[in-house]
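Observations on the three-dimensional arrangement
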Amino acid sequence: MIYPATNSMLYLFLEIITASLFAGLLLGLHRKVIARIQRRPGPPLIQYMLHTLKFFIKELTIPDTSSMPLYVAIALALAGAWVLAFLVGPVLLGPYIIIIMCYAVHKVSEHGIGLATGSPYAKFGSSRAVLSATSEMPLVVAPALVFVRTNSLILQDIINYQIINGSLVNQLPLAALATFILVITKTPFNPFGIVYGKDIISGFKTEHFGVIRGVLMFGETLAFFVLLWCFLVIFFGGVINTPLTILLAMIGVTFILGFICALTPMVAPYHSVMIQWIFALLAIANVLLI
Amino acid sequence: MIKTMTKNRIMSLLTSLPLILGFILNPPLVISIGLLTFFIPLSSYYIGQVLMARPKSKKEEEERKKITFTGY
C-alpha cells in the first residue's frame, strides 16, 4: 500500500481536504508558470485556493430561467463523483474502472450544468462538453491496454506488476502519451479546453456563482489531483510509488503542463477531437507492435 | 428572509450531522465512502448558503434589486 490503510472516516475526510488544498496549490503553480513564460508576474501560488474559498462566501444567485433542483444537484454530483474517485483511487488503491465511471459522471455533469441554467452561453458550453466527450477515447483505450498487460484493473495490482516488471511507460509509451493528453485536457487554459474557451465566456459555468461555483471548483481540484495521480502511478508505478515521489512528480508534471498550456494556442473543437483520437489510435498501434 | 436563513442553518446542521456522527462512530469503509461522497458536497453547499453575504434588511434587499441601466 502506498498510503497507510485505515478505515477511519475522519482520516478519509482529512485526506480529501489535504488533496484538495495540495491540488489547489498545484493549479496555482500552473498559473504562475504560464504567467512567468508570458513575462507577467502572475498571481500568488495560493490564488486558486483563495478563489475557491472566496466563492463560499459570495452570494448565490439562481437564474429565473434555470431548473433549480437540477441547477444545484448536478453541480454537487460533479464534486461527489470526484470525492468517490479520490477515495477509490489514491486512498484505497481500488478498481481503476470506478475512476473512469466518475470521469463519465463528470462529463455528463458538464453537459447538465450548462443545460440546467437555461442560458444560451452556458448551453454553448454544454454542447461543447458533448463534443469533448467524444474525444475522450484515450480514457477508454489506455486502461484496456493496461489490462492486457497486467491482467487487472485494480490499482494495487497494477503497481505490484510494475514493481516486479518495471514501469508500464517502457512497455506502453504511446498509451502513456495518450493518458498524458487526457491529463492536459483537465488542466486550466489547455489547448484542448474547448469547453472552457473564452469565446463562450466561461463555458458551462457562465451562470454558476456563489457556493455552487465553489463546490464545482472543489470538485475540479480533486479531479486534477486524481487524474495526475492515476497517470503517474499507472505508468511510472515502478519508480514513483511512495507519497514523497508522487508529490514531487506531481509538481514536475505541473511544470510541464504549465509550459504546454502557455505555449500552445487553443485548437478548434473539431481538431481537439481529432488530435485526441489520433493519440488513442497510436496507443492501440503501440500494443499491436509490441 | 429570516425563514430562509433558519432553514439553511437547519439544513447545514442536518447535512453535517452524518459526517460528524461518522467521525465519532467510525462506520464500515463502504458506509464511510457513501457518507463522504454524498454529504461533503451537500453539507458544503448548505454551509456556504449560511456563510454567504446577504442583504441584512428588506430595505437593503430592495435597494440591491434596483436595476440600473448602464448602457446594456
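These figures come from a predicted structure and were not determined experimentally. (Residues numbered from 1 in each chain as written. Chains lettered and ligands numbered in written order. Predicted model: local features only at pLDDT ≥ 70, side-chain atom pairs only at ≥ 80, totals over all residues.)

Let's talk about the overall build of chain A
Helix and strand content of chain A: 12 helices and 0 strands. For 290 residues, the compact-globule estimate of 2.2 N^0.38 gives 19 Å, and chain A sits close to it at 19 Å. On the principal axes, the C-alpha backbone points of chain A span a range of 60 × 45 × 40 Å. Counting every position in chain A, which comprises 290 residues, the buried fraction comes to 50%. (Helix = DSSP H or I, 4+ residues; strand = E, 2+ residues; numbered from the N terminus. Rg over C-alpha atoms; globule rule 2.2 N^0.38 Å. Buried ≥ 20, exposed ≤ 12 C-beta atoms within 10 Å, placed from the backbone.)

Describing the overall build of chain B
In terms of helices and strands, chain B carries 3 helices and 0 strands. Going from N to C terminus, chain B has its helices and strands arranged as α-α-α. Residues counted as buried form 24% of the 72 residues belonging to chain B.

Details of the confidence of the model for chain B
Summing up the model confidence of chain B, the mean pLDDT is 81 and the portion of residues at 70 or higher is 75%. Averaged pLDDT values over the elements of chain B bottom out at 70 in helix α3 (residues 58–65) of chain B and peak at 91 in helix α2 (residues 29–51) of chain B. (pLDDT = per-residue confidence, 0-100.)

Quick word on the interface of chain A and chain B
Interfaces are often sized by the accessible area lost when the parts come together. Taken together, the contact pairs 23 residues of chain A with 22 residues of chain B. The biggest single contributor to the side of chain A that touches chain B is helix α3 (residues 68–91) of chain A, with 7 residues. (Contact = placed C-beta atoms within 7 Å.)

A closer look at the nonpolar core
Counting 97 residues, the largest nonpolar core has W82, V83, F86, L87, A178, L222 and V226 of chain A as its most contacted members. Those residues in contact with L87 of chain A that lie beyond four places of it in its chain are L12 and L92 of chain A together with I33 and L36 of chain B. (Core = buried A, V, L, I, M, F, W, Y, C linked by C-beta atoms within 7 Å.)

Some remarks on unusual backbone geometry
Although it is not a glycine, N151 of chain A sits at a positive phi angle of roughly 60°. Along the chain, N151 of chain A turns up in the loop between α6 (137–150) and α7 (155–165). Among the residues examined, N151 of chain A registers 10 C-beta atoms within 10 Å and is labelled exposed. Unlike most non-glycine residues, N26 of chain B shows phi in positive territory, near 55°. Relative to the helices and strands, N26 of chain B resides in the loop between α1 (2–25) and α2. The class for N26 of chain B is partly exposed, based on 16 C-beta atoms found within 10 Å.

Let's talk about α6 of chain A
The α-helix winds at 3.6 residues per turn, so residues separated by three or four positions along the chain end up facing the same way. All names here are of chain A. Look at α6: 20 Å from first C-alpha to last across 14 residues, which is about the 20 Å you get at 1.5 Å a residue. Three or more residues of α6 are buried, namely M137, P138, L139, V141, A142, P143, L145, V146 and T150. Buried positions along α6 lie against α4 (96–117), α7, α8 (168–171), α9 (173–185), α10 (210–236) and α12 (269–289). At the exit of α6 stands N151, carrying a positive phi of roughly 60°. (Expected span 1.5 Å × (residues − 1).)

What about the packing of α3 of chain A against α4 of chain A?
All names here are of chain A. Relative orientation of the contacting elements α3 and α4 amounts to 165°, with a least axis distance of 9 Å. With respect to their mutual orientation, α3 and α4 come out roughly antiparallel. The handedness of the crossing between α3 and α4 is left-handed. Residues L70, Y71, I74, A75, A77, L78, A81, W82, L84, A85, V88 and G89 of α3 pack against I98, I99, C102, V105, H106, S109, G112, I113, A116 and T117 of α4. Here the contact of α3 with α4 is composed, by residue class, of 17 nonpolar, 5 polar and no charged. (Axes fitted to C-alpha atoms, helices over the stretch in contact; angles between N-to-C directions. Parallel < 35°, antiparallel > 145°, perpendicular 65-115°, else oblique. Left-handed = near helix turned anticlockwise from the far one by under 90°. Nonpolar A, V, L, I, M, F, W, Y, C, P; charged D, E, K, R; others polar.)

Focus on helix α11 (residues 243–263) of chain A
All names here are of chain A. The end-to-end C-alpha distance of α11, which contains 21 residues, comes to 30 Å, matching closely the 30 Å that a straight helix rising 1.5 Å per residue would cover. Inspection of α11 places M250, T254, L257, G258 and C261 among the buried residues, and these make up the whole buried set. An end-on view of α11 places all buried positions within 110° of arc, on one side of the element. Opposite the buried face of α11, by more than 90 degrees, sit the exposed residues L244, L248, G252, F259 and L263. Next to the buried residues of α11 lie α1 (9–37), α9 and α10. (Arc of directions from axis to C-beta.)

Re the environment of V226 of chain A
All names here are of chain A. By the secondary structure assignment, V226 is in helix α10. Distance from V226 to G210, taken between C-alpha atoms, is 25 Å for residues 16 residues apart in sequence. Setting aside its immediate chain neighbours within four residues, V226 contacts W82, A85, F86, G89, P90 and I99.

Brief notes about the packing of helix α5 (residues 120–134) of chain A against α12 of chain A
Residues and elements named next belong to chain A. Contact geometry for α5 and α12: axes closest at 8 Å, N-to-C directions at 20°. The orientation of α5 relative to α12 falls into the category roughly parallel. When you trace α5 past α12, the crossing you get is right-handed. Facing α5, whose interface residues are R128, L131, S132 and T134, α12 presents P269, S272 and V273. Of the residues contributing to the contact of α5 with α12, the split by class is 3 nonpolar, 3 polar and 1 charged.

Looking at the environment of A79 of chain A
Within the secondary structure layout, A79 of chain A lies in helix α3. Residue classification places A79 of chain A among the buried positions, given that 29 C-beta atoms sit within 10 Å. In this structure the C-alpha to C-alpha distance between A79 of chain A and L216 of chain A, which are 137 residues apart in sequence, comes to 6.1 Å. In this structure, A79 of chain A is in contact with V215, L216, F218 and G219 of chain A together with P41 of chain B, ignoring residues within four places of it in sequence.

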